[in-house]
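Given next are the chains, with one letter for each unit.
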Amino acid sequence: MTSFPAQARRVRDSTLTPAWRLSALRECTLHFAPYGFRATWHHLVVNARIPRRLDADPQALIRAVDELDTARQLMMRHVTAYAAQRQQEKATGRRVPAETLRWYSWGFSGLAYCPNPELHPHEPLVVVVQRLIDAHRSGAADPDRCLVCGTERRPSRACPTCGVHPGGPAARADSGQRARQAEQWQRIWSRDIVD
Ligand SMILES: [Zn+2]
């Protein structure tokens, strides 16, 4: 698997076929998926209005990769700053990180993990990622409220309003949900969700 920037360049390369560019967008999403791969993919298809027939609007692929890239760059800045902070802490003999590592370890595959691919926040990814990082870093989050939208919810359940699960990517769907999700994913993957 090549890097996110290399794949993003392919998505933006209008000399490639739309199918190749879509495949590169998928690779980008495998590298960076704040809601988990499926929910992030669904978000991009809906928000960028990627049509079933890609020839009808190849620009949609650019809108999608731009949104993903902007959020990833924000995340990368925080990751770089965090690594520098850790170096400094280690140099001064502090072995345990001052800041929780949770957001950091989920960062690329589920910072705001949504088990249901069709239920996720609608705001631009960069807005949600910033809000989540701020909430995790402040350490003052209310465990009974969703960090993204503020809805009251149980710590063991996904938010009923925006779909984000506080347990992160480790939160597993039950077998009934998994069966429904297989059919649901077919529909999402064929982009049978955009008019
Ligand atoms: Zn929520």
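Residues numbered from 1 in each chain as written. Predicted model: local features only at pLDDT ≥ 70, side-chain atom pairs only at ≥ 80, totals over all residues. Heavy atoms only, no water.

Some remarks on the environment of Val 45
What counts, and what does not: Counting from the N terminus, the helices are the DSSP runs of H or I reaching at least four residues and the strands are the DSSP runs of E reaching at least two.
Tracing the backbone shows Val 45 in helix α3 (residues 37-47). Between the alpha carbons of Val 45 and Leu 132 there is a distance of 22 Å; along the sequence they are 87 residues apart.

Quick look at unusual backbone geometry
Comment: phi is negative for the bulk of residues other than glycine, and the bulk of peptide bonds are trans. For Arg 49, which is not glycine, the phi torsion reads 55° and is therefore positive. Relative to the helices and strands, Arg 49 is located in the loop between α3 and α4 (59-91).

What about the pattern of salt bridges?
The test is simple: Within this document, salt bridges are pairs made up of a side-chain nitrogen of Lys or Arg and a carboxyl oxygen of Asp or Glu, the two lying within 4 Å of each other. The buried label applies to any residue whose accessible area, calculated with a 1.4 Å probe on protein chains only, is under 20% of its type's maximum; exposed applies above 50%, and partly exposed to all values in between.
Considering all chains together, one arrives at nine salt bridges under this definition. Here Arg 63 ties to Asp 57 by a salt bridge, and the two come within 2.7 Å at their closest N and O atoms. Exposure remark for Asp 57: the relative accessible area of 24% places this residue in the partly exposed category. One salt bridge connects Arg 131 with Glu 123, and the closest N-O pair in it is separated by 2.7 Å. One network of salt bridges, with partners in common, ties together Arg 12, Asp 66 and Asp 69.

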